[in-house]
Amino acid sequence: MTSAISPASSSSTLDARVTAFLARRADSAEDSSATSMSTGNTTTDAPPRRVMTRAEALALAQYVREATREPDLGIIVDHTATAVASQRVGRAPQSRDVDHLWLRVGCLMGSAVIMDIGTNVRDTTMLRHVLHKAMVTKTPPPLPDPDDDQPDAMEVPKPARYLPVTLWHPRTAAAAATERGTALTQLTAPFQGTDWHGMGTVAFGERAFFFLDPSGAETAFGESTDSEVSVSVRSSDGSAAGWSGHAHRDWSQIDPAKVARSAIAIAEQQRNPSRAEPGRYTAILSATAVGQLLQAIAPLFDVLRGPFEIIPRNPALNQGRTDRRGMRVMDPRVTLWSDPADPEGGDLPFFYGDGGMGHPNPANTWVEKGILKLRSVNVGDALMAGMIARKTPWATHMSGGLTSVDEMIKNCERGIYVHRFANLQIVDARSGALGGFTRDGCLLIEHGKISRPVKDFRIFESPFLSLNQRLVALGPTERIAFGFTPRNQDEENPHTWPLPPVIAPSIMVTDFNFVALSDAV
Amino acid sequence: MLRRVATTAIEAAIHAGADWADIRVSDHRRVSFSGDTREGSIGLTCGFGLRVRVQGTEAFVGGSEPTPENVVAAAKSAVATARRLVSHATPMGPAAALASVPVAHGEWRTPIEIDPFSVSVDDHVFVSSSHDKVPYDGPLQRAARYHGGIVESGWYYTSETQVFASSEGALVTQYLANVAAQAHVRLLSQWRAQRGEDFMLVVPSVHPCSGGFEVALQPDRFAHAHATMEEMIALAALPCAFMEVGRQDVILDGGLHAKLLANTLLPALSLDRVLGNTMDLTGTSLLTPPDAVLGQRLFAPLLTLTVAPEAPHFGAAKWDAEGVATTPVSLITNGVITNYLSSRATLATLVAQASSLAATQLPSVVPGVTQAAVGTPPVEVPPALVLAPATTSCSLSELAKRLGTGLLARASGWENVLVDPDGRGGYLTPGMLFEVKHGTITRRIRGARLMFTTKRLFPTLTAVGDTSTCQTPWYYRDLPGLPWQEAMLGITAPAGLYHNMDVVPAFLELPA
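As the structure is a prediction and not an experimental result, all values here were calculated from the model.

K.L.:
So what exactly am I meant to see when it comes to the overall build of chain A here?
P.N.:
Across its full length, chain A holds ten helices and 17 strands. Taking all 521 residues of chain A together, 58% fall into the buried category. Residue pairs at least 24 apart in sequence account for 75% of intrachain contacts in chain A once pairs closer than 6 positions are excluded. Accessible surface computed for chain A: about 20200 Å², of which carbon and sulfur atoms make up 52%.

Written out as structure tokens, the structure reads:
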């Protein structure tokens, strides 16, 4: 991923490369539309990628560096392209294709004020114009103030090794242009002849991320594709609902029709739900629900907050807190890790948020057989604390087991099955307690069988407690689909779709707190 | 240039075979500074968002670099995508129509005095940091020093040139300017930090609005921060206790009241949600079906909620993202739902489907409430709403006297509202919570939050404060649809007194 590069080429060469990229994109858009208009069918030629290659991103970054004449600050090129289509059953479909570039450079302006300039422009003529507009407010810096005791900017250490990862699947990139219509048909066809209301969504994403470090000698580049389908089902009176989804970086692994049938089957189980008394129950959580919990508690692995909080810079504030590394914090059957090269999900192998852009992110085992091994810390705090920087475990993998959900149900005297949650938020960081809601209804289990569907609950529980002394069984793992609901304003998970992959098992836990009833469906 | 790009795109879309098309082309700039730091950011974003319809199927293409070549390519791509969806889609109903609107022409500018992009970086830093250097004197100076009192502010200026064009002949250009600002007073002494206490209170006079750099130069900015610091120190000195669960009458200050509305009624009023068009995206609505909602008094008579498209409200504009003239349409009038937030497509669908609704109940015009981030399609989220305050004098202390005994919830910037996807209910965790006895604030309350069910809560609004209690908090929301885009909203609300809210714990176990 990292490489030393030759000295920057002349402006005319850089201009030419960027201009050539734009011309290629314009031509390919015309070719693609011309082909599909003439045949109306899936094209046999795979369309070119919609996001920049490494060479194109490097050329753009070098051009910007030369244009701004700022040698000491890093440059980021973050290019995403999404292609989405959705259809409410019985209505016309819609599509949304968005190409989004974010080019970011730090500049010294005014009296040594660090300005972070961001733009989405790539055309060199326009880029020159845009940067000039930004730089026009610059005033010459005065002579340094001898009484100014502001510390010098910290040196970002030289990047170590980037893990080799393979997150790009050409099949997914090709499917974005050609297979949305087919996928929508497969998602909506199972509703024919039923009284269910439904809606299906299919989405494809491509991403290219490039970082040119301040020295100009090192770069980080990553590219990824992802795809996801989901189906939501509602009864005509709104009392019953179902949902199913599947996400995979390789589109060929997704079966939209199967997702639709699964959503309808879940909704069928939810007909005529009744109320169950709130309280603590044994809970059987689907893999989707467990994955949502894991993503919600990811920020709490940070060394500066959460149940494992330690403040390395200020020991006086650590009264009563213990460094719990090496201590048992979860059941011995639980191992949690994040590996950019994880074949089931993976992630870009460097920081692209959380501070420290382009800084390598290693594989991390957060909890090993229940023992806390590592906490996350961003680059800036890691430098201050003398720790190795590790990204927040948004993309994470939890160990599983062999117990199927059916077996869990058979072994449950009285409990609640939860298909998924909604709007999970950290309520109390110290205990890791989350507030939120179940969604699409729950199933009451009595004497080893599904007894009846019940209405949704509000929940108030700490997954750290559930996964510690209350874990009964684990099922096989799968990559979960999060769906397309944007985060609640106060949720802390990443803001962009696709969300980082989470691989999780279904689990059975005791004493899960279904604290109150909810009117949600 | 932007106009030429817009008209070129429309021509290309029609030529490619679209039945209808519209486009938004934008040149968007922002500059932001946070108080007394030597860091800021500048963003310069160009973009376009083109919608086409082919046999009722809509395709959208959004991108950057609004050049004639790029938008022509986008138009062809959008039409090709729409055709492909039409050829593959399962049988569906008749093609959805669009509500007709007057064809818009013209220009409009947000009235501003000083263009923030004409101000040097040094001047920006000087002014924003001056907000944080409030000159106290005498006892307040000593108290502020003892408590570690500081003021923190953030200033975020945007300027957008936005061109809208449509195949119906519309062509409008708007020059929009907004300021997203916030300030709060904070007590940051070491001894408070060791006790795990961090007090923060919003300075209400610094808030999102439309305008330019002149907003930061308001002459009374120090006076407001002064008053807020005094109030903060007095509140922080109160004894502290944990609350028992139960039901209490509660005053929500303007900031919390606005955030509650933003998370519950605002999404519920979206017709896209009501019609089920977003069930797989953001969820559905509790204000459904329309014939059981429109014209019905579902909430307290004190609840009047109005769209606020005019300056100085945040996001002021003459036309919305669909080229529809904006109007201060009333959504809820004296507790009666009078309108939904609708677009041209959803209003047409409502009119076509709502056979049981009387003509007088149906909205007759498209309300002009959509907005679109650069390069993304329009959504039914107006940039600003206002909840009507009391017309007679009713300050926060007068509300407390009317309350008698109960709770007072204050916004600090750290509060949060957690609701289920349909907005039917949830929790409100205030920044600070106080016990009120016989009209006087007696104690700070820790470890509690407020639980509510939306349909049961809003009928219990028994009093609202006057304009002196109004706040417009800093509030971002993800606009519905992919890709997720954040948008700032300016929701203004007075303090409100609610009856019998559930008080529940905010900790799994009470801290030692």
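K.L.:
Which parts of the structure should I look at to understand the overall build of chain B?
P.N.:
The number of helices and strands found in chain B is twelve helices and 24 strands. Taken against the 2.2 N^0.38 rule, which gives 24 Å for 512 residues, the C-alpha radius of gyration of chain B at 24 Å falls within 12% of a compact globule. Dimensions of chain B along its principal axes, counting C-alpha atoms only, are 75 × 55 × 45 Å. The buried share among the 512 residues of chain B stands at 65%. Summarising the internal contacts of chain B: among those between residues at least 6 apart in sequence, 76% fall at separations of at least 24.

K.L.:
Just to check I follow, could you spell out the sheet that holds strand β23 (residues 485–492) of chain B for this structure?
P.N.:
Strand pairs in the sheet, formed through backbone hydrogen bonds, run parallel or antiparallel to each other. Residues and elements named next belong to chain B. Spatially, six strands are ordered β13-β12-β11-β14-β23-β22 in an open sheet, and the strand pairing comes out mixed. Each end of this open sheet is capped by a strand with a single partner; those strands are β13 (336–337) and β22 (475–479). When strand β11 (residues 305–307) meets strand β12 (residues 330–333), the two strands line up antiparallel, connected through two bridges. By the bridge assignment for β12, Thr306 is matched with Ser330. Contacting β11, β14 (384–387), β22 and β23, helix α7 (residues 254–263) crosses the sheet at an angle of about 5° to β22.

K.L.:
Is there a simple way to think about the domain arrangement of chain B in this case?
P.N.:
Often, the extent of an interface is quoted as the loss of accessible area on bringing the components together. Residues and elements named next belong to chain B. Taken as a whole, chain B is organised into domain 1 (2–237) and domain 2 (241–505). The centre of domain 1, based on its C-alpha atoms, is set 20 Å off from the matching centre of domain 2. Counting from both sides, the interface comprises 56 residues of domain 1 and, opposite them, 39 residues of domain 2. With both chains or domains summed, domain 1 and domain 2 bury close to 3800 Å², and 64% of this area falls on carbon and sulfur atoms. Linking domain 1 to domain 2 there are ten residue pairs in polar contact (both at pLDDT 80 or more). No other element matches strand β6 (residues 171–187), which puts eleven residues into the side of domain 1 that touches domain 2.

K.L.:
Would you mind going over the packing of helix α5 (residues 180–188) of chain A against helix α2 (residues 68–88) of chain B with me for this structure?
P.N.:
Helix-helix packing is characterised by the crossing angle of the two axes and by the distance between the axes. At their nearest, the axes of α5 of chain A and α2 of chain B sit 8 Å apart, and the two run at 35° to each other. As α5 of chain A packs across α2 of chain B, the resulting crossing turns out to be right-handed. The residues of α2 of chain B that touch α5 of chain A, namely those facing Arg180, Gly181, Thr182, Leu184 and Thr185 of chain A, are Thr81, Leu85 and His88 of chain B. Considered class by class, the residues forming the contact of α5 of chain A with α2 of chain B number two nonpolar, five polar and one charged.

K.L.:
Could you clarify how one ought to interpret the pattern of salt bridges in this entry?
P.N.:
Think of it this way: side chains of opposite charge can pair up when their charged atoms draw near. Taken as a whole and assessed by the stated rule, the structure comprises 30 salt bridges over all chains. Close ionic contact of Arg414 of chain A with Glu446 of chain A constitutes a salt bridge, the shortest N to O distance being 2.7 Å. Linking Arg414 of chain A in strand β12 (residues 414–428) with Glu446 of chain A in strand β13 (residues 433–446), this pair joins segments that are 32 residues apart in sequence. Taking relative accessible area as the criterion, Arg414 of chain A reaches 41% and is therefore assigned partly exposed. When the shortest N-O distance is used, the salt bridge between Asp22 of chain B and Arg51 of chain B registers 2.8 Å. Taken together, the residues span a long stretch of sequence, with Asp22 of chain B in strand β1 (residues 20–33) and Arg51 of chain B in strand β2 (residues 39–54) at a distance of 29 residues. A relative accessible area of 7% places Arg51 of chain B in the buried class. Because the salt bridges share partners, they merge into one network encompassing Asp22, Arg24, Arg51 and Glu322 of chain B.

K.L.:
Teacher, can you tell me more about the confidence of the model for chain A here?
P.N.:
The predicted coordinates should not be examined in detail at positions where pLDDT is low. Residues and elements named next belong to chain A. Per-residue confidence for chain A gives a mean pLDDT of 80; residues scoring 70 or more make up 75%. Predicted confidence is poor over residues 1–11, with pLDDT under 50, and the contacts of this stretch with residues over four places away or in other chains come to 30 contacts. With pLDDT under 50 throughout, residues 28–46 is counted as low confidence; its partners more than four residues away or in other chains account for 22 contacts.

K.L.:
What is the right way to look at the environment of Val172 of chain B in this model?
P.N.:
Residue and element names in this part refer to chain B. Tracing the backbone shows Val172 in strand β6. Separated by 148 residues in the primary sequence, Val172 and Arg24 place their C-alpha atoms 9.7 Å from one another. Discounting chain neighbours no more than four positions away, the residues touching Val172 are Ala104, His105, Gly106, Gln162, Val163, Phe164 and Trp319.

K.L.:
How should I be thinking about the side chain of Asp456 of chain A in this particular structure?
P.N.:
Residue and element names in this part refer to chain A. Along the polypeptide, Asp456 turns up in the loop between β14 (449–454) and β15 (457–461). For the buried residue Asp456, which engages in no salt bridge, the nearest side chain bearing the opposite charge is Arg439, 7.5 Å off. A polar contact is formed between the side chain of Asp456 and the backbone nitrogen of Gly441, at a distance of 3.0 Å.

K.L.:
Got a minute to help me understand the pairing of β13 of chain A in this structure?
P.N.:
Residues and elements named next belong to chain A. With 13 of its 14 residues buried, β13 lies for the most part within the structure. Pairing between β12 and β13: eleven bridges, direction antiparallel. Counted as the bridge partner of Gly415 is Ile445 from β13. Hairpin connection from β12 to β13: four residues lie between these consecutive antiparallel strands, with Gly432 at a positive phi of about 75°. Of the pairings in the sheet, the one linking β13 to β15 comprises four bridges and is antiparallel in character. By the bridge assignment, Phe437 is partnered in β15 with Arg458.

K.L.:
Even after reading the chapter, I still don't get the packing of aromatic side chains, so can you show me in this structure?
P.N.:
The geometry of an aromatic ring pair comes down to the distance between the two centres and the angle between the two planes. Evaluated as defined, the whole model comprises 15 aromatic pairs over all chains. Taking the centre distance of 6.4 Å and the plane angle of 50° together, the rings of Tyr281 of chain A and Phe457 of chain A count as tilted. Here Tyr281 of chain A is found in strand β7 (residues 279–285), whereas its partner Phe457 of chain A is found in strand β15, with 176 residues between them in sequence. The residues Tyr281 of chain A and Phe457 of chain A share a single accessibility class, namely buried. On the numbers, 5.9 Å between centres and 80° between planes, the contact of Tyr281 of chain A with Phe514 of chain A is edge-to-face. Residue Tyr281 of chain A is found in strand β7, and its partner Phe514 of chain A is found in strand β17 (residues 502–517); the two are separated by 233 residues along the sequence. Considered together, Tyr281 of chain A and Phe514 of chain A belong to a single accessibility category, that of buried residues. Taken together, the ring pairs connect Tyr281, Phe421, Phe457, Phe512 and Phe514 of chain A into an aromatic cluster. When the ring centre of Trp168 of chain A is taken as origin, the NZ or CZ atom of Arg49 of chain A, which lies over that ring, is 4.2 Å away. In this structure, Arg458 of chain A is placed above the aromatic ring of Tyr427 of chain B, and the distance from its NZ or CZ to the ring centre is 5.1 Å.

K.L.:
Explain the side chain of Asp97 of chain A here, please?
P.N.:
Along the polypeptide, Asp97 of chain A turns up in strand β2 (residues 94–109). Dropping the residues within four chain positions of it, Asp97 of chain A is found in contact with Arg50, Thr82, Ala83, Val84 and Arg180 of chain A together with Phe60, Val61, Gly62 and Thr81 of chain B.

K.L.:
What am I meant to see in the environment of Ala388 of chain B here?
P.N.:
Residue and element names in this part refer to chain B. Topologically, Ala388 is positioned in the loop between β14 and α11 (396–403). Assessed through its relative accessible area of 26%, Ala388 is described here as partly exposed. Ignoring anything within four residues of it in the chain, the contact list for Ala388 reads Thr304, Val464 and Pro494.

K.L.:
Is there a simple way to think about helix α6 (residues 256–269) of chain A in this case?
P.N.:
For an α-helix, 3.6 residues make a turn, and residues three or four places apart therefore share a direction. All names here are of chain A. End to end, α6 covers 20 Å across 14 residues, agreeing with the expected 20 Å (1.5 Å per residue, within 8%). Taken together, the buried positions of α6 are Pro256, Ala257, Val259, Ala260, Ala263, Ile264, Ile266 and Ala267. Against α5, β5 (219–234), β6 (241–248) and β12 lie the buried residues of α6. Residue Asp255 occupies the N-cap position of α6, its side-chain oxygen lying 3.2 Å from the main-chain nitrogen of Ala257.

K.L.:
What am I meant to see in the pairing of β22 of chain B here?
P.N.:
Residues in a regular strand point their side chains to alternate faces of the sheet. Residue and element names in this part refer to chain B. With five of its five residues buried, β22 lies for the most part within the structure. In the sheet, β22 pairs with β23 via five bridges, with the strands oriented antiparallel. The residue bridging Asp478 from the neighbouring strand is Glu486, located in β23. Hairpin geometry of β22 and β23 is characterised by an intervening segment of five residues between the two adjacent antiparallel strands and by a positive phi of about 100° at Gly481.

Rules used throughout
- Residues numbered from 1 in each chain as written.
- Chains lettered and ligands numbered in written order.
- Predicted model: local features only at pLDDT ≥ 70, side-chain atom pairs only at ≥ 80, totals over all residues.
- Heavy atoms only, no water.
- Helix = DSSP H or I, 4+ residues; strand = E, 2+ residues; numbered from the N terminus.
- Buried < 20%, exposed > 50% of the residue type's maximum accessible area, 1.4 Å probe, protein only.
- Contact = heavy atoms within 4.5 Å.
- Areas by Shrake-Rupley, 256 points an atom, 1.4 Å probe, with all protein chains shown as cover.
- Rg over C-alpha atoms; globule rule 2.2 N^0.38 Å.
- Pairing = 2+ DSSP bridges.
- Axes fitted to C-alpha atoms, helices over the stretch in contact; angles between N-to-C directions.
- Domains from an automatic or database assignment.
- Buried area = accessible area lost by both parts, 1.4 Å probe.
- Polar contact = N/O pair within 3.5 Å; in protein donor to acceptor, adjacent residues only side chain to side chain.
- Left-handed = near helix turned anticlockwise from the far one by under 90°.
- Nonpolar A, V, L, I, M, F, W, Y, C, P; charged D, E, K, R; others polar.
- Salt bridge = Lys/Arg side-chain N within 4 Å of Asp/Glu carboxyl O.
- pLDDT = per-residue confidence, 0-100.
- Lys, Arg positive; Asp, Glu negative; His and termini not counted.
- Phe/Tyr/Trp six-rings, centres within 6.5 Å; stacked < 30°, edge-to-face > 60°.
- Lys NZ or Arg CZ within 6 Å of the ring centre and 35° of its normal.
- Expected span 1.5 Å × (residues − 1).

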